[in-house]
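Structure assessment
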Number of protein chains: 2
Amino acid sequence: MKEFEFIKLLKEKCKGCGSTPGIGDDAALFDNFLVAKDIVCEGIHFLKATPAEHVVLKVFSANISDIAAMGGTPKYVLLGIAVPKAREGEKKNIIEAIKKSAGLYDVEVIGGDTASASNDLFVSLTVIGKKGRFLLSRSGAGKGERVYLSRPLGLARISLEKELGADFDIDAFKHYKMMAEKELGEVLGNVGTVTSCIDISDGLGRDASHLSEESGVKIVIEEKRLPFSHLKQFDVDKVDYFINSGEEFALLFTAKKEHAVDSYLKDNGFEVHDIGYTQKGSGVFLSNGAKRISISSKGYEHK
Amino acid sequence: MKEFEFIKLLKEKCKGCGSTPGIGDDAALFDNFLVAKDIVCEGIHFLKATPAEHVVLKVFSANISDIAAMGGTPKYVLLGIAVPKAREGEKKNIIEAIKKSAGLYDVEVIGGDTASASNDLFVSLTVIGKKGRFLLSRSGAGKGERVYLSRPLGLARISLEKELGADFDIDAFKHYKMMAEKELGEVLGNVGTVTSCIDISDGLGRDASHLSEESGVKIVIEEKRLPFSHLKQFDVDKVDYFINSGEEFALLFTAKKEHAVDSYLKDNGFEVHDIGYTQKGSGVFLSNGAKRISISSKGYEHK
């Protein structure tokens, strides 16, 4: 059973889940707060050889990104860590990493649970944030809107492949260090003209597809608008790596062209990229002018 | 490093944790909410052979008990589950168990994360509750107060030993089914005369010791007041099993005798046991009239 199916089944079976954004969206809403939770496991989400402190930062980023994608401001975190005997020596580093990550994102560690593990290191994080003035969702995009991306994509995948053995001139742990768009998310949740938002966790194609499906619009990404300069030094298919790189934690969002949210953001210190538009229909397409190819299922599914 | 040491170290290193009850108490406070989080691992907290649905209920109970111990009302839960290939077939039962547990405690599952695991099943739960009128803590007991226990103890240990191979006439999974005192916790958080409270998760001796240390009082448990009839059928040292049984999720609390909180509770349908008193000093003692023995370190520490 795939992750999405499991979550869908849980949602169906779970009385009352419908009253909040609940399972399936990036974070859940209660009262005036947003909450997100992730669990990661050694050997599945990271390698046995990966230093635990990198894992800690990444799980912070993933959850804070979920809050940012809904326009909230992360405030509090709770950690659950299960450490196998073989990694006992890393506990000090784990504590330092928690402290450092909490500092980087200016969130308060208010609780948690530590335990022993039989074989694998597990890290589970819960992030609680304050809702912004406007709750951003995946379902609000209309047709004829612009599609914005907060920053270039692709390096998370290149660095992951380096960690797995590929020969790229890049920090093999860079993909653990992709930062969530905490400040941008906070601004987007207060600006009032953003119609939908999601963070890039599964890859541009797949995440755009979530927006497309839940909003009921077609999304067209214009290849000529994608910023590729950061990929120049790597011998890879630029388009492929741009649209198929997960856990980037960039934000993808939509707004009406006339609201010029990109100009507003630029005035406030955020350079975002206008990469395409929505129209009537369904699916996500990459257009190079001459032709359009479907990229709805591009990306990767988390195990 | 033991769990308490790890948490203590994290607390020391964590800027700002002091502004809330934070790590170390049963649940953390933010705004008008309480939040508790637990992580459990196959092979450490439960056996490979233990059906996953029992694990799910127990982790619900443990976290809801943490909220109850602070006088709150559990409202929302978020689950993190990592399932190894060998247990894939249990996913349906896990979903049913989540639904059933949420129903039993009348809490809403608002989110979560499911993942694959390499070797072991992990379950992490976050419970969010509403603070009661009064926040109960471990530190409010004064001298000359009565000590109350919500129900008899010992069966969790007997059933755990049965699961581990001992020959007792009891459900080997009963210890997974010990229910948290959700309703009682809610009442205690609104009554105004309860001076301190903790849930029995480490055993009576050790948990009473937490109250004693944090309140700065001596606690004397009167053996003649302990209700033993539920242990009659088992060939065990009754006193030992009563004071050394963890994860019982009963509530232990203190109040002034003249406030007669036990009578008030009885009138409201809760039969609690007056098992002893506090006095000036430190430590936890079991008194049988003739002599007092220290039971401060009785109980067990979670791995």
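Residues numbered from 1 in each chain as written. Chains lettered and ligands numbered in written order. Predicted model: local features only at pLDDT ≥ 70, side-chain atom pairs only at ≥ 80, totals over all residues. Heavy atoms only, no water.

1. Looking at the UniProt feature "binding site: ATP" (unreviewed entry) in chain A
Residue and element names in this part refer to chain A. Quick note on the threshold: UniProt positions are given in the numbering used here, feature names are shortened, and annotations may be inferred rather than shown by experiment. Partly exposed residues are those whose accessible area sits between 20% and 50% of the maximum for their type, while under 20% is buried and over 50% is exposed, using a 1.4 Å probe and protein chains only. Labels follow the DSSP assignment, with helices taken as runs of H or I lasting at least four residues and strands as runs of E lasting at least two, numbered in each case from the N terminus.
Per the UniProt record, the feature "binding site: ATP" (unreviewed entry) sits at Gly112, Asp113, Arg138 and Ser201. A relative accessible area of 9% places Arg138 in the buried class. Within the fold, Ser201 resides in the loop between β7 (194–199) and α6 (204–215).

2. Considerations on a nonpolar patch on the surface
Note the cut-off: Only residues whose relative accessible area exceeds 30% and that form no salt bridge are eligible for patches; like-charged ones are grouped when within 9 Å, while nonpolar side chains (Val, Leu, Ile, Met, Phe, Trp, Tyr) are grouped when within 5 Å. Surface accessibility follows the Shrake-Rupley procedure with a 1.4 Å probe radius. Residue values consider only the protein chains on display as shielding. Between Lys or Arg on one side and Asp or Glu on the other, a salt bridge is scored when a side-chain nitrogen of the former is within 4 Å of a carboxyl oxygen of the latter.
Where nonpolar side chains cluster on the molecular surface, the patch consists of Leu47, Leu160 and Leu164 of chain A and spans about 240 Å² of accessible area. Within the fold, Leu164 of chain A resides in the loop between α4 (155–163) and α5 (182–191).

3. So, the pairing of strand β8 (residues 218–222) of chain A
All names here are of chain A. Worth spelling out the cut-off: By this definition, two strands are paired if DSSP reports at least two bridges between them.
Burial analysis of β8 places five of its five residues in the buried class, which makes it a mostly covered element. Side chains Lys218, Val220 and Glu222 project from β8 onto one buried face, and the interleaved Ile219 and Ile221 project onto a second face that is buried too. Sheet analysis places β8 next to strand β10 (residues 273–279), joined by four bridges and oriented antiparallel. Note that in β10 the partner of Ile221 across the bridge is Gly276. Pairing geometry for β8 and strand β11 (residues 284–287), over four bridges, is parallel. By the bridge assignment, Ile221 is partnered in β11 with Leu286.

4. Quick notes on the pattern of salt bridges
All names here are of chain A. Enumeration according to the criterion identifies 30 salt bridges over all chains in this entry. The closest approach of N and O atoms between Arg157 and Glu161, which form a salt bridge, is 3.0 Å. Linking Arg157 with Glu161, this pair stays in helix α4, spanning four residues, or about one helical turn. Since its relative accessible area comes to 18%, Arg157 is described here as buried. The class for Glu161 is partly exposed, based on a relative accessible area of 22%. Residues participating in the shared-partner salt-bridge network are Glu42, Lys48, Arg87, Glu90 and Asp120.

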